[in-house]
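Examination of the molecular architecture
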Amino acid sequence: MATVKGDVHDIGKNIVGVVLGCNGYDIIDLGVMVPADKILDTAIREKVDVIGLSGLITPSLDEMVHVAKEMKRRGMTQPLLIGGATTSRMHTAVKIAQQYDNGVVYVLDASRSVTNVGNLLNKDTKEQFLKSIDEEYSKLRDDFANKKSAKQYISFAEAQANAVKIDWSNYVPPTPALLGTKIFADYDLKEIRQYIDWGPFFIAWEMKGKFPEILNDAHVGVEATKLYNDANALLDKIVNEKWLTAKGVIGFWEAVKIAPDTVVLKDTHGKDLAHLESLRQQIKKAPGQPSFSLADFIKPYTFGGDNEIKDYMGAFAVSIHGIEPHLQKFIDDLDDYNKIMLQALADRLAEAFAEVLHKRVRTEFWGYIKDENIPVEELVKEKYQGIRPAPGYPACPDHTEKYKLFNLLGATENAGIQLTESLAMYPGASVCGWYFSHPESSYFGVNKISDDQFQDYVRRKEMSVEEMSRWLAPVLD
Ligand code: B12
């Protein structure tokens, strides 16, 4: 098993490895960012029975297609399992399965990996199992082809005309208390810890239910409480013995909207720092529903006169460093439980770091809500003013805007975060995104776009059609 080239997250794959291991299978785990050749050379050398690929972000989907093609080219015979947060049955059926003839199977979660592998390794069931998968995927491909033609789009020009209507006439954009960047070289983990959203922590352990109710749940309450106590005991160690370091950087700039979907960020001398490009919803909506684009939340700029009031935007990148030696120790001790626990906690700390910084941005660094009084448990419901969409998330699905974000913040120098060729961030427990302050700014999903917007976007991004189609594949119809 391996997380494919360019992708860094392996917590899901580790869980699958443990579950399969507990069921008597030998697992060779190649870790993260593994090139296709290494995966396939190892598979041949070690005479493995099944190959498993994992991926967290959408660019990894292409890499999985590449691995499948390579398997065919090399004349391999082992079945290929596909898993990870960004993968889907539909993508596996439409894009991967057709590249390789000896079995490609999408696996939703760790619990299903056991029956799937069991079916594939049993001579009596393998053929019938793969035949049923084949039938299922071929039906999915038909559904996909039909759905495609059923989507109704409005033209890009209509979508732009249907932007979010905000009354800017009486709106004065708040000026950030801080312009330029601010670095947090070693943020207090004790403070970050208080902002942990425990919901996703239990999801990572495949326990369904709301926190804190899950601790008293009739079915999983006892296990959930044990997990929660173990997590807090490990967190005590992490904090007291300074196992991990939280590094982050935030920044604020003047934001000049020069076109419906283009915002130019400038420094205090008026120098252009970046042209940010947004994608806009284009699927036909019910009357009165706007076609959202993140650029809609920035005040349109008119040169000269009283209208020359500037708007602002911000960005952040945060990361939890130093996990490696501690993980290695758990690996050497064959302690899978704590290895996964540590990874899950580092992810929680990264997200909590983003949360606490966002709160301080609202009340202090941008300071547009000085007297915000929302209890920590309520912050996860996002009831505060302003948003922090992350490149890759549904409102801004183009991962390549991360290059600009990284340049603006100096995220590599200032927060120690590296971007891989697939634009994943290393260390894995990292989050980055944009800040918008307008009271009407909200999260949405761009969903699919049509060719007129795509062509316009390619022009604005100054990238080739080939390259842009690769990065935007998930939103192209
Ligand atoms: C928690 C989370 C995070 C955490 C930790 C991620 C993690 N642990 O992997 C943090 C906060 C760090 C994070 C960051 C980011 N995230 Co995030 N994140 C999530 C979230 C909410 C849950 C993922 C998760 O941890 N699930 C629990 C684990 C255990 O499950 P899993 O990894 O899916 O694995 C299970 C199965 O998939 C399967 N499986 C996995 N691998 C394999 C392999 C094999 C062989 C098999 C058989 C099965 C299998 O079994 C596993 C166990 O059941 C998802 C949304 C979602 N609901 O999935 C978004 C999501 C994965 N993130 C996303 C994005 C975009 C990002 C960021 C790029 C955002 C940003 N700009 O900062 C960064 C990237 C981080 C990086 N290092 O580059 C997108 C990815 C899609 C995309 N558009 O690219 C998602 C899907 C959200 C979305 N809807 O857009 N994220």
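What counts as what
- Residues numbered from 1 in each chain as written.
- Predicted model: local features only at pLDDT ≥ 70, side-chain atom pairs only at ≥ 80, totals over all residues.
- Helix = DSSP H or I, 4+ residues; strand = E, 2+ residues; numbered from the N terminus.
- Rg over C-alpha atoms; globule rule 2.2 N^0.38 Å.
- Contact = placed C-beta atoms within 7 Å.
- Buried ≥ 20, exposed ≤ 12 C-beta atoms within 10 Å, placed from the backbone.
- Pairing = 2+ DSSP bridges.
- Axes fitted to C-alpha atoms, helices over the stretch in contact; angles between N-to-C directions.
- Parallel < 35°, antiparallel > 145°, perpendicular 65-115°, else oblique.
- Left-handed = near helix turned anticlockwise from the far one by under 90°.
- Nonpolar A, V, L, I, M, F, W, Y, C, P; charged D, E, K, R; others polar.
- Near = placed C-beta within 6 Å.
- Domains from an automatic or database assignment.
- Right-handed = clockwise from strand over helix to strand, strands pointing away.

**Quick look at the overall build of the protein chain**
Along its length, the protein chain carries 17 helices and twelve strands. Computed over the C-alpha atoms, the radius of gyration of the protein chain is 24 Å, within 12% of the 23 Å expected from 2.2 N^0.38 for a compact globule of 477 residues. Taking as baseline every contact in the protein chain between residues at least 6 positions apart, the subset at least 24 positions apart corresponds to 75%.

**Points about unusual backbone geometry**
Omega for the peptide link from F211 to P212 comes to 5°, which places this bond in the cis form. With respect to the element layout, P212 can be found in the loop between α9 (199-204) and α10 (221-240). Here the amide bond leading from Y426 into P427 is cis, since omega sits at 0°, within 30 degrees of zero. In this structure, P427 sits in the loop between β11 (425-426) and β12 (430-435). Notably, L334 is not glycine yet its phi reads approximately 55°, a positive angle. The topology assignment puts L334 in the loop between α11 (324-332) and α12 (336-365). Residue classification places L334 among the exposed positions, given that 7 C-beta atoms sit within 10 Å. Positive phi outside glycine occurs at N447, with the angle close to 65°. Position of N447 among the secondary structure elements: in the loop between β12 and α16 (451-461).

**Topic: the sheet that holds strand β2 (residues 51-54)**
Read across the sheet, four strands follow the order β1-β2-β3-β4 without closing on themselves; strand pairing throughout is parallel. Sheet topology places β1 (2-3) and β4 (104-106) at the edges, where each strand pairs with a single neighbour. The sheet contact formed by β2 and strand β3 (residues 80-83) spans four bridges and is parallel. Paired with I51 across the strands is L80, a residue of β3. The sheet strands contacting helix α3 (residues 59-73) are β2, β3 and β4, and the helix crosses β3 at an angle near 180°.

**Examining the packing of α3 against helix α4 (residues 89-96)**
Two numbers describe how α3 lies on α4: the axes approach to 10 Å, and their chain directions differ by 45°. It follows that α3 is oblique to α4 by the angle criterion. When the axes of α3 and α4 are compared, the crossing they make is right-handed. Residues L61, M64, V65 and A68 of α3 lie in contact with α4, whose contacting residues are H91, K95 and I96. The residue inventory of the contact of α3 with α4, partitioned by class, reads five nonpolar, one polar and one charged.

**Some words on the site of the ligand**
Contacts to the ligand come from 44 residues, most closely from G12, G52, S54, G83 and G392. Those elements that provide at least two residues to the shell around the ligand are α1 (11-22), β2, β3, α5 (110-121), α9, α12 and β12. For the shell around the ligand, the element with the most residues is α1, which contributes five residues. In the shell around the ligand, the residues fall into 26 nonpolar, 13 polar and five charged.

**Thoughts on the domain arrangement of the protein chain**
For the protein chain, the domain assignment lists domain 1 (2-149) and domain 2 (161-475). One C-alpha centre belongs to domain 1, the other to domain 2; they are set 30 Å apart. Contact with domain 1, which involves 18 residues of that partner, is made by 22 residues of domain 2. When residues of the side of domain 1 that touches domain 2 are traced back to their parent elements, those giving at least two are α1, α3 and α5.

**Section: the environment of K38**
Take K38: it is sitting in helix α2 (residues 36-45). The exposure class of K38 is partly exposed, given the 14 C-beta atoms found within 10 Å.

**Some thoughts on the pairing of β2**
Taking every second residue as pointing to the same face, both faces of β2 are buried, with I51 and L53 on one and G52 and S54 on the other. Alignment of β1 against β2, held across two bridges, turns out to be parallel. Within the sheet, the bridge partner assigned to T3 lies in β2 and is S54. With α3 bridging β2 and its parallel neighbour β3, the resulting β-α-β unit is right-handed.

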